[in-house]
Amino acid sequence: MDIKTPYIIAGPCSAESEDQVMRTARGLKDIGVGVFRAGIWKPRTRPGNFEGVGECGLPWLQRVHDELGMRVCTEVASTSHVEACLKAGLDMVWIGARTSTNPFLVQELADALSGTGVHVMVKNPINADVALWVGAVERLQRRGIENFGLIHRGVSSFEKMRYRNSPQWQMAVHMRRLFPGVPFLCDPSHMGGNAAYVPELSQRALDLGLDGLMIESHCCPSCALSDASQQLAPEELGRMIAGLSIRDDGSANPAFERAVSEQRARIDTIDENLVRLLASRMEVSREIGRLKKENNVAVLQLSRWDDVLESAISEGQTLGMDPDFVRDVFNAIHSASIAEQNSILHDDDGKENGRQ
Ligand code: PEP
Ligand code: MN
């Protein structure tokens, strides 16, 4: 295992005062962070909370850049935000989760940022609609913006969970496949909603091969005017980063390579068997479909399916399997089975799915 430092962007949720910005930025520079973030305009879910200092905070970011040599960035949600950032000389911005859900706003931002050379990071939308995220990137690309990155910050849900936003890591994996080579960060602060969860989520993101992290850090987290519970003081952040490990894609160690390829071979065989088993299960299900058709019996017998599911879940549990996983797999098998039986039942001339 190789330990390297991931790419880190850090800074307060909001720029609150020149003193808070400078103290936080100095603390971050001391722990080796090169890119500073701070929200100038805050898209608060409910009105009446701190909505950011607005344009008067931009010179504070310029000062961080000029005095400390750090790169600085903030969130933009409208053409006027982009214009103000350009005037202040910012060369990096991000589109927040409440904005990437809205194609009108993303288009407006793509138009305003086109041709400026500004680096644009796109956070995932607050809901688990990966197509909206893809669409936001495509809107930038269509305006010739190639200098962009992605930030995964999880998605909100009605139920209260451990994390403020559900990680839905498969969204990140999907985007990574669609946009290979595009810088990809995770925001464990908004994902976790609590400073205590930031280390585990950061490690998980790096284990998935993401390139780095955007983390909220405040010189006095408990005094923060927004997102106080999820911010880390710069020194705490430094300790956390030192504890992270980046695992390599591969290893030069021949014993490791051999052991992994042996296990992969076992997986390949198991997968082959799984496909064969699924095919024979489907053949039996078709036979049942033919019997139901001859006897004019409905396809779906819910009580039978409840029994099948219950015994699979309890068998799975004795073998250490997650009940939700077993339920998902069996529900997928069941819907495919029902679809096959339905097509047999509705096939009037006796031809069943290409079979005579
Ligand atoms: C932020 O980064 O401060 C922010 C508001 O994040 P998000 O858009 O992910 O909620
Ligand atoms: Mn925040």
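Cut-offs used in this document
Residues numbered from 1 in each chain as written. Chains lettered and ligands numbered in written order. Predicted model: local features only at pLDDT ≥ 70, side-chain atom pairs only at ≥ 80, totals over all residues. Heavy atoms only, no water. Helix = DSSP H or I, 4+ residues; strand = E, 2+ residues; numbered from the N terminus. Expected span 1.5 Å × (residues − 1). Buried < 20%, exposed > 50% of the residue type's maximum accessible area, 1.4 Å probe, protein only. Arc of directions from axis to C-beta. pLDDT = per-residue confidence, 0-100. Contact = heavy atoms within 4.5 Å. Salt bridge = Lys/Arg side-chain N within 4 Å of Asp/Glu carboxyl O. Near = heavy atom within 4 Å. Polar contact = N/O pair within 3.5 Å; in protein donor to acceptor, adjacent residues only side chain to side chain. Axes fitted to C-alpha atoms, helices over the stretch in contact; angles between N-to-C directions. Left-handed = near helix turned anticlockwise from the far one by under 90°. Nonpolar A, V, L, I, M, F, W, Y, C, P; charged D, E, K, R; others polar. Donors = N, O, S within 2.8 Å, 3.2 Å for Na, K, Ca; no water. Pairing = 2+ DSSP bridges. Core = buried A, V, L, I, M, F, W, Y, C linked by side-chain atoms within 4.5 Å. Disulfide = S-S within 2.5 Å.

A.B. asks: Looking at this model, I keep getting lost on helix α11 (residues 302-318). Mind explaining?
C.D. replies: Every α-helical turn comprises 3.6 residues, leaving residues that sit three or four positions apart pointing alike. Here α11 spans 24 Å end to end across 17 residues, near enough to the 24 Å set by a 1.5 Å rise per residue. Considered for burial, the residues of α11 that qualify are Trp 305, Val 308, Leu 309, Ala 312, Ile 313 and Gly 316. Take α11 and look down its axis: the buried residues cluster within an arc of 125°, on one side only. Those residues of α11 that are exposed and aimed more than 90 degrees away from the buried face are Ser 303, Arg 304, Asp 307, Glu 310 and Thr 318. Following α11 by one or two positions, Gly 320 adopts a phi angle in the positive range, close to 80°.

A.B. asks: Help me out: how do you make sense of the confidence of the model for the protein chain in this one?
C.D. replies: Detailed reading of the predicted model is not advised wherever pLDDT is low. Mean pLDDT for the protein chain: 92, with 95% of residues reaching 70 or above. Across residues 349-356 the pLDDT falls below 50, and counting only partners more than four positions away or on other chains, this stretch makes twelve contacts in the model.

A.B. asks: Even after reading the chapter, I still don't get the pattern of salt bridges, so can you show me in this structure?
C.D. replies: A side chain of one charge can pair with a side chain of the opposite charge when the charged atoms of the two come close. Taken as a whole, this structure holds 16 salt bridges when the rule is applied. Residue Arg 37 pairs with Glu 216 through a salt bridge whose shortest N-O separation is 3.4 Å. In this pair, Arg 37 is assigned in strand β2 (residues 35-37) and Glu 216 in strand β8 (residues 212-216), connecting sequence segments 179 residues apart. Per residue, the accessibility class of Arg 37 equals that of Glu 216, and both read buried.

A.B. asks: Would you mind showing me how to read the site of ligand 1 here?
C.D. replies: Around ligand 1, the neighbouring residues are Arg 37, Lys 42, Glu 75, Trp 94, Gly 96, Ala 97, Arg 98, Lys 123, Arg 153, His 190 and Glu 216. Here an oxygen atom of ligand 1 sits 2.8 Å away from a polar atom, N or O, in the side chain of Lys 123.

A.B. asks: Would you mind going over the packing of helix α5 (residues 130-142) against helix α6 (residues 169-178) with me for this structure?
C.D. replies: A packed helix pair is summarised by two numbers, namely the angle formed by the two axes and the spacing between the axes. Interaxial distance between α5 and α6 falls to 11 Å at its minimum, and their mutual angle equals 35°. Between α5 and α6 lies a crossing whose hand is right-handed. In this structure, α5 uses Val 130, Trp 133, Val 134 and Val 137 to contact α6, whose residues at the interface are Met 171, His 174, Met 175 and Leu 178. Residues belonging to the contact of α5 with α6 are distributed by class as follows: seven nonpolar, one polar and no charged.

A.B. asks: Sorry, what's going on with the side chain of Thr 24 here?
C.D. replies: Summarising the element assignment, Thr 24 is placed in helix α1 (residues 18-30). Residues contacting Thr 24, with those up to four places away along its chain left out, are Pro 12, Phe 36, Ser 217, His 218, Cys 219 and Pro 234.

A.B. asks: Quick question: what am I supposed to make of the coordination of the manganese ion (ligand 2) here?
C.D. replies: In an ideal tetrahedron of four donors about a metal, each angle is 109.5 degrees. In an ideal octahedron of six donors, the angles are 90 or 180 degrees. Taken together, Cys 13 (SG), His 190 (NE2), Glu 216 (OE) and Asp 227 (OD) make up the full set of protein donors to the manganese ion (ligand 2), lying 2.1 to 2.4 Å away. Counting residues between consecutive donors of the manganese ion (ligand 2) along the chain gives the motif C-x176-H-x25-E-x10-D. Highlighted residues: His 190 in helix α7 (residues 188-192) and Asp 227 in the loop between β8 and α9 (234-242), separated in sequence by 37 residues. Accessibility assignment for this pair places His 190 and Asp 227 in one class, buried.

A.B. asks: Looking at this model, I keep getting lost on helix α4 (residues 103-113). Mind explaining?
C.D. replies: Where α4 is concerned, the buried positions are Val 106, Leu 109, Ala 110, Ala 112 and Leu 113. Each buried residue of α4 sits inside an arc of 165° when the element is viewed along its axis, so together they form one side. Against α3 (79-87), β4 (92-95), β5 (119-123) and α5 lie the buried residues of α4. Once α4 ends, the next one or two residues include Gly 115, with phi positive near 80°.

A.B. asks: Please clarify how the environment of Leu 86 should be interpreted in this entry.
C.D. replies: Its location among the elements puts Leu 86 in helix α3. Overall, the relative accessible area of 37% leaves Leu 86 in the partly exposed class. Between the C-alpha atom of Leu 86 and that of Pro 221, which follows or precedes it by 135 residues, the distance is 29 Å.

A.B. asks: Can you help me understand the sheet that holds β4 in this one?
C.D. replies: Backbone-to-backbone hydrogen bonds pair the strands of a sheet. The strands run either parallel or antiparallel. Here we have eight strands rolled up into a closed barrel, ordered β1-β2-β3-β4-β5-β6-β7-β8, and parallel in their pairing. Within this sheet the neighbouring strands show an average axis-to-axis angle of 25°, counted without direction. Bridging between strand β1 (residues 7-11) and β8 involves five bridges; their strand directions are parallel. Counterpart to Ala 10 in the pairing with β8 is Ile 215.

A.B. asks: How should the nonpolar core be read in this particular structure?
C.D. replies: Grouped burial of nonpolar side chains is what soluble globular proteins tend to show. Membership of the largest hydrophobic core comes to 69 residues, with the highest contact counts inside it found for Phe 36, Leu 58, Leu 61, Val 64 and Leu 150. If we skip the residues at most four places from it in the chain, Leu 150 touches Val 122, Trp 133, Val 137, Met 175, Phe 179, Val 182, Pro 183, Phe 184 and Leu 185. Within the second largest apolar cluster, nine residues are counted, among which are Met 92, Trp 94, Met 121 and Leu 185.

A.B. asks: Quick question: what am I supposed to make of the state of the cysteines here?
C.D. replies: Structurally, a disulfide amounts to a covalent bond that connects the sulfur atoms of two cysteines. Tallied over the entire structure, the rule returns one disulfide. Sulfur-sulfur distance for the disulfide between Cys 220 and Cys 223 comes to 2.0 Å. Its S-S torsion of about 55° marks the bond between Cys 220 and Cys 223 as right-handed, since a negative value means left-handed. On the basis of relative accessibility, which here comes to 23%, the residue Cys 220 falls in the partly exposed class. Cys 223 sits in the partly exposed class, given a relative accessible area of 43%. Counting only cysteine sulfurs, Cys 85 is the nearest neighbor of Cys 73, a cysteine outside any disulfide, at a range of 9.7 Å.

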